[in-house]
Amino acid sequence: MTSAAPASPAGTPPGPPTAPPGAAPPAKDAAPRSGTEDLTEPKVVPARHYGRWAVGAAVLVLVAQFTHGLVTNPAWEWEVFFRYLLADSVLRAVWVTLQLTAYGTLIGFALGLVVALMRLSKSPLLAGVAWAYVWAFRSIPLIVQLLFWFNLAYLYEELGVGIPFGPVVWSFGTMHLVGAMSAAVIGLALHQAAYAAEILRGGFLAVDPGQLEAAAALGIPRLRQLRRIVLPQAMRSILPNAANEIVSLFKGTSIVSVMAIGELFYQVQVIYGRNGRVVPLLMVATVWYIVLTTLLSIVQYYVERHFARGADRAPAPTPVQRARAFVRTLTSRRPLAPLPEKR
Amino acid sequence: MSTAPVIVDVRGIHKSFGAHPVLRGIDLQVRAGEVTVVIGPSGSGKSTLLRAINHLEKPNRGSVSIDGELIGYRRRGDKLYELKEREILRRRTRIGFVFQNFHLFPHLTVVENIVEAPISALRRPSGEARERAHALLARVGLSDKADAYPRQLSGGQQQRVAIARALALDPQVLLFDEPTSALDPELVGEVLDVIKDVARAGTTMIVVTHEIGFAREVADTVVFMDDGVVVEQGPPGDVLDHPRHERTKAFLSKVL
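What counts, and at which threshold
- Residues numbered from 1 in each chain as written.
- Chains lettered and ligands numbered in written order.
- Predicted model: local features only at pLDDT ≥ 70, side-chain atom pairs only at ≥ 80, totals over all residues.
- Heavy atoms only, no water.
- Salt bridge = Lys/Arg side-chain N within 4 Å of Asp/Glu carboxyl O.
- Helix = DSSP H or I, 4+ residues; strand = E, 2+ residues; numbered from the N terminus.
- Buried < 20%, exposed > 50% of the residue type's maximum accessible area, 1.4 Å probe, protein only.
- UniProt positions renumbered as here; feature names shortened; annotations may be inferred.
- Pairing = 2+ DSSP bridges.
- Axes fitted to C-alpha atoms, helices over the stretch in contact; angles between N-to-C directions.
- Parallel < 35°, antiparallel > 145°, perpendicular 65-115°, else oblique.
- Left-handed = near helix turned anticlockwise from the far one by under 90°.
- Contact = heavy atoms within 4.5 Å.
- Core = buried A, V, L, I, M, F, W, Y, C linked by side-chain atoms within 4.5 Å.
- Domains from an automatic or database assignment.
- Buried area = accessible area lost by both parts, 1.4 Å probe.
- Phe/Tyr/Trp six-rings, centres within 6.5 Å; stacked < 30°, edge-to-face > 60°.
- Lys NZ or Arg CZ within 6 Å of the ring centre and 35° of its normal.

Regarding the pattern of salt bridges
Now for step 1: Applying the stated criterion to the full structure yields 24 salt bridges over all chains.
Now for step 2: Here E213 of chain A and R51 of chain B are joined by a salt bridge, their closest N and O atoms 2.7 Å apart. Of this pair, E213 of chain A sits in helix 10 (residues 209-217) while R51 of chain B sits in helix 1 (residues 46-53), placing the two residues on different chains.
Now for step 3: Put simply, R11 of chain B and D9 of chain B hold a salt bridge, and the shortest N to O gap is 3.0 Å.
Now for step 4: Take D9 of chain B: its relative accessible area is 15%, and that puts it in the buried class.
Now for step 5: Where salt bridges share partners, they join R119, E198 and R201 of chain A into one cluster.

So, the UniProt feature "domain: ABC transporter" (unreviewed entry) in chain B
Now for step 1: As recorded in UniProt, the sites labelled "domain: ABC transporter" (unreviewed entry) are residues 8-252 of chain B.
Now for step 2: Secondary structure across residues 8-252 of chain B divides into 37% helix and 28% strand, with the first and last C-alpha atoms of the span separated by 26 Å.

Topic: the pairing of strand 2 (residues 20-31) of chain B
Residues and elements named next belong to chain B.
Now for step 1: Sheet topology note: the strand 1 (residues 6-17)/strand 2 ladder contains nine bridges and is antiparallel. Among the inter-strand pairings, V8 is bridged to a residue of strand 2, identified as V30.
Now for step 2: Here strand 1 folds back onto strand 2 in antiparallel fashion, the turn holding two residues, of which G18 has a positive phi close to 65°.

Some words on the packing of helix 4 (residues 88-120) of chain A against helix 11 (residues 222-252) of chain A
Residues and elements named next belong to chain A.
Now for step 1: Packing of helix 4 against helix 11 brings their axes to within 12 Å, and their N-to-C directions diverge by 140°. In terms of their interaxial angle, helix 4 and helix 11 are classed as oblique. Handedness of the helix 4/helix 11 crossing: right-handed. Judged by residue contacts, T97, L98, T101, G104, T105, F109 and L117 of helix 4 engage L226, A242, E245, I246, L249 and F250 from helix 11.

Focus on the nonpolar core
Residue and element names in this part refer to chain B.
Now for step 1: Counting 52 residues, the largest nonpolar core has I39, I163 and M205 as the members making the most contacts within it.
Now for step 2: Per-element tally for this core: the top contributor is helix 6 (residues 185-200), with eight residues.
Now for step 3: When sequence neighbours within four positions are dropped, the list of residues in contact with I39 reads K46, T209, I212, V222, V223, F224, M225, L240, F251 and L252.
Now for step 4: In this structure, L23, L49, L50 and V64 belong to the second largest nonpolar core, which totals 37 residues.

With respect to the domain arrangement of chain B
Residue and element names in this part refer to chain B.
Now for step 1: According to the domain assignment, chain B consists of domain 1 (1-93 + 172-196 + 203-255) and domain 2 (103-169).
Now for step 2: Between the C-alpha centres of domain 1 and domain 2 the distance comes to 25 Å.
Now for step 3: Tallying the contact residues gives ten residues for domain 1 and 13 residues for domain 2.
Now for step 4: Here domain 1 and domain 2 share an interface that buries about 930 Å² over both sides, 75% of which is from carbon and sulfur atoms.
Now for step 5: Between domain 1 and domain 2 we count one salt bridge in total.
Now for step 6: Of all elements in the fold, only strand 9 (173-177) and helix 6 reach the threshold of two or more residues within the side of domain 1 that touches domain 2.
Now for step 7: Top contributing element to the side of domain 1 that touches domain 2 by residue count: helix 6, with five residues.

A short note on the interface of chain B and chain A
Now for step 1: Listed as interface residues are 27 residues of chain B and, on the opposing side, 24 residues of chain A.
Now for step 2: Summing both sides of the interface, chain B and chain A together bury roughly 2,300 Å²; the carbon and sulfur share of this comes to 56%.
Now for step 3: Inspection of the chain B/chain A interface yields four salt bridges.
Now for step 4: Elements with a contribution of two residues or more to the side of chain B that touches chain A: helix 2 (85-92), strand 8 (95-98) and helix 3 (110-120) of chain B.
Now for step 5: Examining the composition of the side of chain B that touches chain A, we find that four residues originate from one element, helix 3 of chain B, more than from any other.

Observations concerning the sheet that holds strand 11 (residues 221-226) of chain B
Residues and elements named next belong to chain B.
Now for step 1: In spatial order, the strands read 8-9-10-3-11-12; together these six strands make up an open sheet with mixed pairing. Either end of the sheet is taken by a strand with one partner, and the two such strands are strand 8 and strand 12 (229-234). Shown here is a sheet whose adjacent strand axes are inclined to one another by a mean of 20°, direction ignored.
Now for step 2: Pairing geometry for strand 3 (residues 35-39) and strand 10 (residues 205-208), over four bridges, is parallel.

Here's the deal with the sheet that holds strand 2 of chain B
Now for step 1: One open sheet accounts for four strands, arranged 2-1-4-5 (chain B); its pairing is antiparallel. The open sheet has two free edges, formed respectively by strand 2 and strand 5 (69-70) of chain B, since each of these has just one partner strand.

Examining the packing of aromatic side chains
By convention here, two paired aromatic rings are described through the distance between centres and the angle between planes.
Now for step 1: Within the structure shown, the criterion is met by ten aromatic pairs over all chains.
Now for step 2: Plain terms: the ring middles of F81 of chain A and F82 of chain A are 5.0 Å apart, the flat faces sit at 75° to each other, and that makes the pair edge-to-face.
Now for step 3: By relative accessible area, F81 of chain A is classed as buried at 5%.
Now for step 4: In this arrangement the basic side chain of R76 of chain B is found over the ring face of Y81 of chain B, its NZ or CZ atom lying 5.3 Å from the centre.
Now for step 5: Against the face of F105 of chain B rests R165 of chain B, its NZ or CZ located 4.7 Å from the ring centre.

Okay, here's the thing in C-alpha cells:
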C-alpha cells in the first residue's frame, strides 16, 4: 500500500494515496481545450521503439559486413563456384541424392506405416515386434548400419527362398543383389522407417478417440475408418515432423559417401580432391542442399494447407494470394487495404 | 400398452470397469415406434447402457438384441460365438448413435459427414446418398449448410447434423447420449425440436437426457436408473409425477 503512494512523506501511516503537491486534478487536465475537438477519434501516435531501432541498425551493419566479405574476399573463389554449380558431374550427383532421398522416404514411410499399425494393433506379439524394430534401428547409428549392409556379402554369401528351416527352393548370390546403391537405399529406408513409425503413431494418437468411436458407431469399415477419418486428421500433426525427417534424410544422404556412392557430397569431395578448391566446392554442395530444402519447404506449406481444411473458419491466404492482393491495391490506386488478418 | 414387436431387447447386462461395477443386471425392452427416455443421476450407468446396446462397450454378461438379432455375438445351439469386428460394424449400421459431443468429422463438409457411412458401409451409390443427405438436411433445417465445415456451425447446428448423419443409415433404433448436455442453454430447444420431430415420425428411440420436460412431452416410457440398476419404469405420468421409489423422488426433487 505504501508503494502505491510514493508521495506521502516517510513515517506517516499508510493511508489513501494523496496527489503530489502541485499536481492538477487529473480530470481538469484531460478535458479538451477546444470544444470542437472530436474525442471519439483521437489521433494515435505510434509507440517509438528506440531500443529496437538501435539493435536493428547494429544487426544491419553486421549483415552488411558479412555480405561484403562474401563478395570481396577472394578466398571464396566465386568463379570456381559458378563453374561447378551446374557442371554435369554435379548435376548427376544431385540426381543421385534426390533418388536416395525419394527411395528412402517412400520405402521408409511405407514400412513405417506397417510398423506403426503393428505397434497400435491389439496383438501383443505384433506390438512387441514393432517396438523391438524401432528400438533396434534407433539404437544403431546410420553409418554403422550402412556399413553392415555394404558388407552383407561377407555375412551371408547367398540368400534363398524356401521352407523355413527346410530346403531352399531358390537362391542367389548376395554380391550381385546388394550393390552399393541398393545397400544405401536399404540402410536409409530401414533407418527412416523406425523414425517414420513413431511419427505416424504419434499422429494417430493425436486424433480424438471420439472420432474413431463415431466412425465405429456408424459401421464404417475398419480400413476406411483409417484412410478416410483418422489419417487425414492425423496428417496435421504428422506433416511438420515428417517434413523434418525428409529434410534430415535428404542431408543425411551425405553419409553414404562413405560407401563411395556418387551422391552430391561424395562428388564434391572427389572434385576438390583433384583440384584442391575445397571452399568453393563445399559451397556448391551447400547451395544445392539449401535450394532443394527450400523447394521442399514450399511443398510442405501447401500440403499442410490442404490438410488444414475444416480446421479454420476462414483459411489464411497463401503468400502468393497476399502478394496478388498487394499488387491489386497498388494498381487500382486505392489507398492500401489492410492485408487479410493472419489467423 | 402397445402390441408392436419388441425391437430392442436388453437382458441381464452387467458391465464393470476394473473392479467398479457400472451396470448390475439391466433389463429393458423397447417396442417399435416407442420413445424411451432414460433419466438418472450422474454415474448411474445411463451412458454405459446406451453404449452397450450398440456394442461400443462390450458387456461382461447379458445380451442385447435388435429386432431379434444378437449384437456382438452369434448363437449356435447353447453357445454364443463372438463376432469379428467386420460383422459387428455391419450390424451397427442398424443402430443410429448421437453423441453428447457430436463427434462430427471436422475435415469433411456437412454433406460428406452424412454420406460417408451410407456409401462405405451400406454401399449406396454416391448420387443417391447425396440426394438423401440433402433431404435430411432440409428436415433438420440446415439446407443452406450442406457445404460448410462443422467448425463453422454452432453447437446446436452441429448436433442437428449429427442427427441427420445417424438418420442417413435408416436405423431401426436411434440412441441419443445426452444430446443437449454440451449445448448453450439457448441452443437446447432447436435440437430437442428436431428430436421430437423424428420421434413423431415413428422412429424407435432411446434417449438419455436430463431434460425432464422433454421426457414428459415425448416419452412413451421413462426409465429411472440409479447405481447400475433400473429403479423404476413406466409412462411419464407415473414415473415423473407419482414416483413410487424414494430414490426416484429424491432425484426428481433435485432436477425439477
